[in-house]
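# Remarks on the overall topology
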Amino acid sequence: MPGFDYDLFVIGGGSGGVRAARIAAGEYGARVGLAEESRMGGTCVIRGCVPKKLMVFASAVPDALALGRDYGWDIAPAQFDWPTFRARLDAELDRLEAAYRGGLLGAGVTIHDARATLADPHTVRLATGETFTAKHILIATGGRPHLPEGLGAPVLTSNDIFLLDRLPERLLIVGGGYIACEFAQVMAGLGVGVTQFYRGEQILRGFDDDARALVAEATRGCGIDLQTGTDVAALSEDGQGICVTRTDGARAWFDAVVYATGRHPNTEGLGLEALGITLGARGQIPVDGWSQTAVPSIFAVGDVTDRMNLTPVAIREGHAFADTVFGARPYKADHQLVPSAVFTRPELGSVGLTEAEAAERGPVEIYQTAFRPMKTAFAGRPERVMMKLVVDAGSRRVLGCHIVAPEAGEMIQLAAIAVKMGATKEDFDRTCAVHPTMAEEMVTMRKVTRHHGTIAKG
Ligand code: NDP
């Protein structure tokens with residue numbers, strides 16, 4: 001396409017932007033430029049999913065050692081050394097960043113290590129002063145942690161946790177979403193004394209109520225002081241640390257406070273409004289099903305659009321954009337029945353409607369089981385796992401599946417295939433169990449636990 005410097009200019013080198021750039025350049029031969037102001041890989045690779053999961057693995061070790069003892073192993077007390085782990089983590093992130101960079105270069109993408117903003121519908125301006133024109137511009141700048149205003153003392157966000165020089169002894173985590181719940185358990189597993197404040201009645205709003213309750217029980221069971229209906233009224237610093245005054249007036253001191261109070265789209269200063277793109281209430285870029293903005297040459301994918309803020313969704317959106325615009329294979333990214341997992345201990349895996357959502361829509365049957373799994377029951381431990389199927393009483397389709405169990409993230413990935421295919425409860429029942437596993441309970445729940453609504457007769 002003569003006349004433009006590039007066929008596509010991507011702003012942001014995270015999951016969505018990198019996928020779009022690689023497919024457009026590597027598969028379809030488009031001339032692609034990509035600008036990233038920070039490290040290549042974005043939130044998921046550098047300060048999100050990947051380092052978080054490695055910390056989840058590290059934090060699970062004491063539990064595994066304790067279980068080893070219960071199984072008859074003679075294991076000496078173990079010590080965790082944060083600097084050793086951090087050095088390995090840093091090296092791994094360097095390796096991954098290089099792999100992302102290599103993948104882009106291998107696909108023929110030109111990388112610009114600079115912040116980019118929009119100058120007009122076909123022009124980007126880099127912080128270096130250079131400008132480039134492109135037939136299409138894709139904004140994939142992701143999101144960033146959002147802090148309430150006017151906090152009276154320095155607090156940390158999830159970004160900072162991976163960069164700590166040493167672990168605090170007393171940590172307060174504020175929030176009840178994915179990030180707060182995951183880091184509360186990670187830090188507790190690493191030996192940190194953790195308190196978690198959540199302003200609402202129950203953590204993990206939006207997930208199935210029974211699953212939320214069991215994760216809350218497990219959170220408390222691993223020694224975290226989870227306080228629901230509690231928020232921070234004031235923060236200050238003194239010789240004892242950070243003084244936190246609760247909404248009920250009680251005070252406590254911590255060495256560090258992490259705010260995990262949501263993330264907002266990274267759109268500040270990009271120059272979108274001047275081009276006629278009116279941002280949403282949270283600063284997100286409104287797009288249609290094709291990820292196209294109000295300006296036809298400008299598209300946006302991933303967290304910056306605040307549709308469904310998950311890495312695999314951003315990747316799907318970026319891929320669909322590239323196939324549609326450069327591969328003449330038009331399709332929209334599918335946001336239906338997207339599974340996800342919260343990496344607490346045990347994990348929460350979920351796909352489809354919660355019991356409460358389904359009950360509002362029509363007659364449903366709930367099949368639910370909770371039990372002590374063999375592995376930890378053998379050790380006399382009280383931990384329980386839960387599995388729930390939400391079934392449409394008319395069509396018999398499984399509308400939702402919710403699992404709280406070790407490795408629930410792995411289980412829900414496979415259950416999600418069946419749910420996405422439209423499997424009925426009877427399809428689950430026809431599937432033979434794998435014995436002895438926890439997941440076999442998914443195909444052996446015969447009795448209805450609860451009904452909501454009734455099917456109209458006649
Ligand atoms: P969430 O939006 O999930 O949770 C934010 C939490 O902070 C909620 O509990 C919210 O309470 C609370 N909160 C918001 N504002 C305030 C405030 N002013 N004072 C006190 N509490 C407040 O955000 P996260 O930061 O946990 O995660 C961001 C996104 O990242 C998620 O939406 C998710 O898509 C993604 N993510 C996914 C992961 C995964 O797939 N495993 C892991 C980590 C992140 P309330 O419920 O009352 O609104």
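As a convention, each chain's residues are numbered from 1 in the sequence order in which they are written. It should be noted that, the model being predicted, local features are given only for residues of pLDDT at least 70 and side-chain atom pairs only at 80 or more, the latter also being counted only at that level, while totals for whole chains, interfaces and linings use all residues. Computation of side-chain values: all heavy atoms of the structure, hydrogens and water removed.

## Looking at the sheet that holds strand β13 (residues 251-254)
If you trace the 3 strands from one edge of the open sheet to the other, you get β11-β12-β13, paired in antiparallel fashion. Edge strands, defined here as strands with exactly one partner in the open sheet, are β11 (232-238) and β13. Shown here is a sheet whose adjacent strand axes are inclined to one another by a mean of 25°, direction ignored. Of the pairings in the sheet, the one linking β11 to strand β12 (residues 241-246) comprises 6 bridges and is antiparallel in character. Within the sheet, the bridge partner assigned to Glu-237 lies in β12 and is Ile-242. Two strands form a pair only when DSSP identifies at least two bridges running between them. Counting from the N terminus, the helices are DSSP H or I runs at least four residues long and the strands are E runs at least two residues long. Axis angles are defined between N-to-C directions and span 0 to 180 degrees, where every axis is a line fitted to C-alpha atoms and, for a helix, only to the segment in contact.

## Description of the pattern of salt bridges
For side chains bearing opposite charge, pairing can occur when the charged atoms are close. Should a side-chain nitrogen of Lys or Arg be within 4 Å of a carboxyl oxygen of Asp or Glu, the pair is scored as a salt bridge. The final tally for this structure, using the stated rule, is 30 salt bridges. Residue Asp-63 is joined to Arg-381 by a salt bridge in which the shortest nitrogen-to-oxygen separation is 3.2 Å. Placement of the pair is Asp-63 in helix α3 (residues 49-70) and Arg-381 in the loop between α10 (374-377) and β20 (385-392), with a sequence separation of 318 residues. Each residue is placed in one exposure class: buried if its accessible area under a 1.4 Å probe, protein chains only, is under 20% of its type's maximum, exposed if it is over 50%, and partly exposed if it falls in between. Residue classification places Asp-63 among the partly exposed positions, given a relative accessible area of 33%. Classification of Arg-381 as buried rests on a relative accessible area of 13%. Between Arg-396 and Glu-426 there is a salt bridge, and its shortest N-O distance comes to 3.0 Å. Residue Arg-396 is found in the loop between β20 and β21 (398-405), and its partner Glu-426 is found in helix α12 (residues 425-430); the two are separated by 30 residues along the sequence. Arg-396 sits in the buried class, given a relative accessible area of 18%. Given the relative accessible area of 32%, Glu-426 is considered partly exposed. Ionic contacts of the salt-bridge type, sharing partners, join the residues Asp-208, Asp-210, Glu-355, Lys-388 and Arg-450 into one network.

## Here's the deal with the sheet that holds strand β17 (residues 340-342)
Strand order in the open sheet made by the 6 strands is β17-β18-β21-β20-β19-β22, with antiparallel pairing throughout. Two strands bound the open sheet, and with one partner strand each, they are β17 and β22 (450-452). Shown here is a sheet whose adjacent strand axes are inclined to one another by a mean of 15°, direction ignored. Here helix α7 (residues 209-221) sits on the sheet and contacts β18 (347-352), β19 (364-371), β20, β21 and β22; the angle it forms with β20, its principal contact strand, is near 170°. In this analysis, two residues are considered to be in contact whenever any of their non-hydrogen atoms come within 4.5 Å of each other. The sheet strands contacting helix α11 (residues 408-421) are β17, β18, β20 and β21, and the helix crosses β18 at an angle near 10°.

## Thoughts on empty space enclosed by the protein
Buriedness of a pocket was judged along seven lines, with at least five required to meet protein on both sides within 12 Å; pockets are open sets of points on a 1 Å grid over the protein atoms alone, cavities are sets where a 1.4 Å probe fits but cannot get out, and lining residues have an atom within 4 Å of a point. Grid points are joined across faces, edges and corners, and a volume is the space filled by probe spheres set on the points. Scanning all chains against the criterion turns up 1 cavity of 30 Å³ or more. Reported here for the largest cavity is a volume of approximately 50 Å³. Lining the largest cavity, in full, are Gly-289, Trp-290, Ser-291, Glu-317, Ala-320, Phe-321, Thr-324, Tyr-331, Lys-332 and Ala-333.

## Some words on the pairing of strand β2 (residues 32-35)
Side chains Val-32 and Leu-34 project from β2 onto one buried face, and the interleaved Gly-33 and Ala-35 project onto a second face that is buried too. Taken together, the 4 bridges between strand β1 (residues 6-11) and β2 define a ladder with parallel strand orientation. For Val-10, the partnering residue across the bridge sits in β2 and is Leu-34. Consider the strands pointing away from the viewer: the crossover is right-handed when the path from the first strand over the helix to the second runs clockwise. Regarding topology, helix α1 (residues 15-27) serves as the crossover connection from β1 to the parallel β2, and that connection is right-handed. One ladder, built from 3 bridges, connects β2 with strand β3 (residues 110-112); its direction is parallel.

## Structural notes on the packing of aromatic side chains
Here a pair means two rings of Phe, Tyr or Trp (six-membered ring of Trp) with centres within 6.5 Å. Their orientation is stacked below 30 degrees between planes, edge-to-face above 60, and tilted elsewhere. By the definition in use, this model includes 11 aromatic pairs. With a centroid separation of 4.5 Å and 35° between ring planes, the pair formed by Tyr-71 and Phe-378 is classed as tilted. Of this pair, Tyr-71 sits in the loop between α3 and α4 (82-106) while Phe-378 sits in the loop between α10 and β20, placing them 307 residues apart in sequence. Classification of Phe-378 by relative accessible area gives exposed; the value is 55%. Among the aromatic residues, those joined into a cluster by ring pairs are Tyr-6, Phe-9 and Phe-132.

## Re the site of the ligand
We call a residue near a molecule or strand when any one of its heavy atoms sits within 4 Å of it. Around the ligand sit 20 residues in total, of which Gly-176, Tyr-198, Arg-205, Asn-309 and Ala-341 are the nearest. By the criterion applied in these results, polar contacts are pairs of N or O atoms within 3.5 Å in which, for protein atoms, one can donate a hydrogen and the other can accept it, and in which residues neighboring in sequence qualify only through two side-chain atoms. With respect to the ligand, the backbone of Ala-341 contributes an N or O atom lying 2.7 Å from a nitrogen atom. The method behind every accessible area is Shrake-Rupley, applied with a 1.4 Å probe, and residues are considered shielded solely by the protein chains displayed. Contact with the protein chains removes 76% of the 910 Å² of surface that the ligand exposes when unbound. With 3 residues, helix α6 (residues 178-189) is the single largest residue contributor to the shell around the ligand. Note on residue classes: Ala, Val, Leu, Ile, Met, Phe, Trp, Tyr, Cys and Pro are nonpolar, Asp, Glu, Lys and Arg are charged, and everything else, Gly too, is polar. Of the residues belonging to the shell around the ligand, the class tally is 8 nonpolar, 6 polar and 6 charged.

## Remarks on the side chain of Glu-317
Inspection of the secondary structure assignment puts Glu-317 in helix α8 (residues 311-326). The exposure class assigned to Glu-317 is buried, which follows from its relative accessible area of 1%. Ignoring any residue separated from it by four or fewer positions in sequence, one finds Glu-317 in contact with Ser-291, Val-301, Gly-302, Thr-305, Arg-307, Ala-333 and His-335.

## Here we look at the environment of Thr-444
Along the chain, Thr-444 turns up in the loop between α12 and β22. Classification of Thr-444 as partly exposed rests on a relative accessible area of 34%. With 18 residues separating them along the chain, Thr-444 and Glu-426 place their C-alpha atoms 11 Å apart.

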